[in-house]
Structures are given as structure tokens and as C-alpha cells.
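# Coordinate analysis (summary)
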Amino acid sequence: LVCRAQTNADVIVYGSTPGGYCAAIGAAREGASVILLEPTTHVGGMNTGGLSFSDSDQMYREQLMGLFHEWHLRIQQDYEKRGVTLPYDVNVKNQATWSYEALVAQRVTGAMLAEAGVKVLTERYLKSVTKSGPRITGIVTSNGTFTGRVFIDGSYEGDLMAASGVSYHVGRE
């Protein structure tokens, strides 16, 4: 018996950066079927890959809520469950430095994706897109073709947008 990976969903997200995995979780929580495609074997981008410091203290933290807040809160709770008290409280919106271990961030990210029902597929390097007029209808990867109703570019460099021929400008706004 051969198991085949799901290749069609309401929403296809290419790239598991923080923006990519949050888009996938958000769409799945709203009832969409979601496939998150990652070109490498690593899910979570910089947040789970060693950038273990949140530079959000440089912004107005009271504005930072939603999935960003939940993600950080769940990191804090992960530590607390293991008897570790962090030198900050995510619910206190001050200028304290928020830092965490990459493996904790990876564990929390994986749990949030699984709870939302997001199908995560790694080693899916983008080769091309199929379109009907200006609309993307599929993504061809190094390991399968994926179709959906909505496509989200969650890559750091806009790989899906570039492959689909979206116009762009290099430089400042």
C-alpha cells in the first residue's frame, strides 16, 4: 500500500517562514484545508532556526497580539511546564528582552500547525507555477504538484510571486 501526500487544498502556502506558518495556521483555523510547502527540511524559518531573540522590544508591544502573541505565550508556557521561569512575561508589554531556545520555538510551532490541521510537507522546492490567465492554479515542486483555490507566498524572497510573473520593483518604496 502506497501512501500519497495530499496534493490539493483550499489554501497552499509556499514557505514556512513565520509569516508563512502564521498564514497557514490562520487559514486552517478559519476552516480552510491548508498545505504548507517548505523547500528545505526545516519548518519555521529564522524563529525556529536559531534567531532566538525577538526584536519586538523595538516596537510598540501593545500592538502585537494575535498569533504572534499566542506563539510567544506558548513558548513561555512551555518553559513554565518544565519548571523554568523566564525573566519576562509575554503578557506584560514592556521593553524586556524576549529570548527563547530554537528547539522550544520549533516545538511550539509544530504543535500549533498540528492542532490547526495544517498538512506540512518539506523538501518541496518550487520549480514552476501553472496559471489560468493571471490566476495561479498549481505549484510544481521538486516533489509533487499542488493545486488549490488560494496561494500564499510565505517565502522570504517572494519566490512564488516571482515564479508566477508578478511585477515588482527593486529599491525603496
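Below is a summary of the structure that appears in this document. Being a predicted model, the structure only gives us computed values, none of them experimental. (Residues numbered from 1 in each chain as written. Predicted model: local features only at pLDDT ≥ 70, side-chain atom pairs only at ≥ 80, totals over all residues. Heavy atoms only, no water.)

## A short note on the pairing of strand β6 (residues 126-132)
Threshold: Only strands that DSSP links by at least two bridges are regarded as paired with each other. A run of H or I in DSSP counts as a helix once it spans at least four residues, and a run of E counts as a strand once it spans at least two, with each numbered from the N terminus.
By the bridge criterion, six bridges tie β6 to strand β7 (residues 135-141) in an arrangement that is antiparallel. The residue of β7 that forms the bridge with Thr130 is Gly138. Taking the residues that link successive antiparallel strands as the turn, the β6-β7 hairpin has two residues, and the phi of Gly133 there is positive, at about 65°.

## Thoughts on the packing of helix α1 (residues 18-29) against helix α3 (residues 66-81)
This is how it is decided: The axes are straight lines fitted to the C-alpha atoms, using for helices just the contacting stretch, and the angles between their N-to-C directions are given from 0 to 180°. Throughout this description, any angle smaller than 35 degrees is read as roughly parallel, any larger than 145 degrees as roughly antiparallel, any in the 65 to 115 degree range as roughly perpendicular, and the remainder as oblique. Here, residues are in contact when the closest pair of their heavy atoms is within 4.5 Å. When residues are sorted by character, Ala, Val, Leu, Ile, Met, Phe, Trp, Tyr, Cys and Pro go into the nonpolar class, Asp, Glu, Lys and Arg into the charged class, and all the rest, Gly among them, into the polar class.
It is at 11 Å that the axes of α1 and α3 come closest, and there the two elements cross at 105°. In terms of axis orientation, α1 runs roughly perpendicular to α3. Along its contact with α1, which presents Tyr21, Cys22, Ile25, Gly26 and Arg29, the element α3 presents Leu67, Glu70, Trp71 and Arg74. Here the contact of α1 with α3 is built from residues that sort into five nonpolar, one polar and three charged.

## Observations concerning the side chain of Asn47
Among the secondary structure elements, Asn47 is positioned in helix α2 (residues 45-48). Aside from chain neighbours lying at most four places away, what touches Asn47 is Pro18, Tyr21, Trp71, Tyr100, Ala102 and Ala105.

## Things to note about the environment of Ser16
Quick reminder of the rule: Partly exposed describes any residue whose relative accessible area lies between the buried limit of under 20% and the exposed limit of over 50%, with all areas from a 1.4 Å probe on protein chains only and scaled to the type maximum. N or O atoms closer than or at 3.5 Å make up a polar contact, with two conditions inside protein: a donor-capable atom paired with an acceptor-capable one, and, for residues adjacent in sequence, both atoms drawn from side chains.
Along the chain, Ser16 falls in the loop between β1 (8-14) and α1. A residue is classified by how much of its surface remains accessible, and Ser16, at 2% relative accessible area, is buried. C-alpha of Ser16 to C-alpha of Pro39: the two residues are 23 residues apart in sequence and 8.6 Å apart in space. Not counting the four nearest positions on each side in its chain, Ser16 is found in contact with Tyr21, Leu36, Leu37, Glu38, His42, Val43, Gly44, Gly45 and Gly154. Looking at Ser16, its side chain comes within polar contact range of the side chain of Glu38, at 2.7 Å.

## What about the packing of α1 against helix α4 (residues 102-116)?
Cut-off, in case you're wondering: Each crossing gets its hand from how the near helix is turned against the far one by less than a right angle, where anticlockwise is left-handed and clockwise is right-handed.
In the contact formed by α1 and α4, the axes pass within 9 Å of each other and the chain directions differ by 25°. Classed by the angle they form, the pair α1 and α4 counts as roughly parallel. Crossing angle aside, the handedness with which α1 passes α4 is left-handed. Side by side, α1 and α4 meet where Tyr21, Ala24, Ile25, Ala28 and Arg29 of the first sit next to Thr109, Met112, Leu113 and Ala116 of the second. When the residues that make up the contact of α1 with α4 are grouped by side-chain class, the tally is seven nonpolar, one polar and one charged.

## Observations regarding unusual backbone geometry
With a phi close to 55°, Glu123 is a non-glycine residue in the positive phi region. Structurally, Glu123 is set in the loop between β5 (119-121) and β6.

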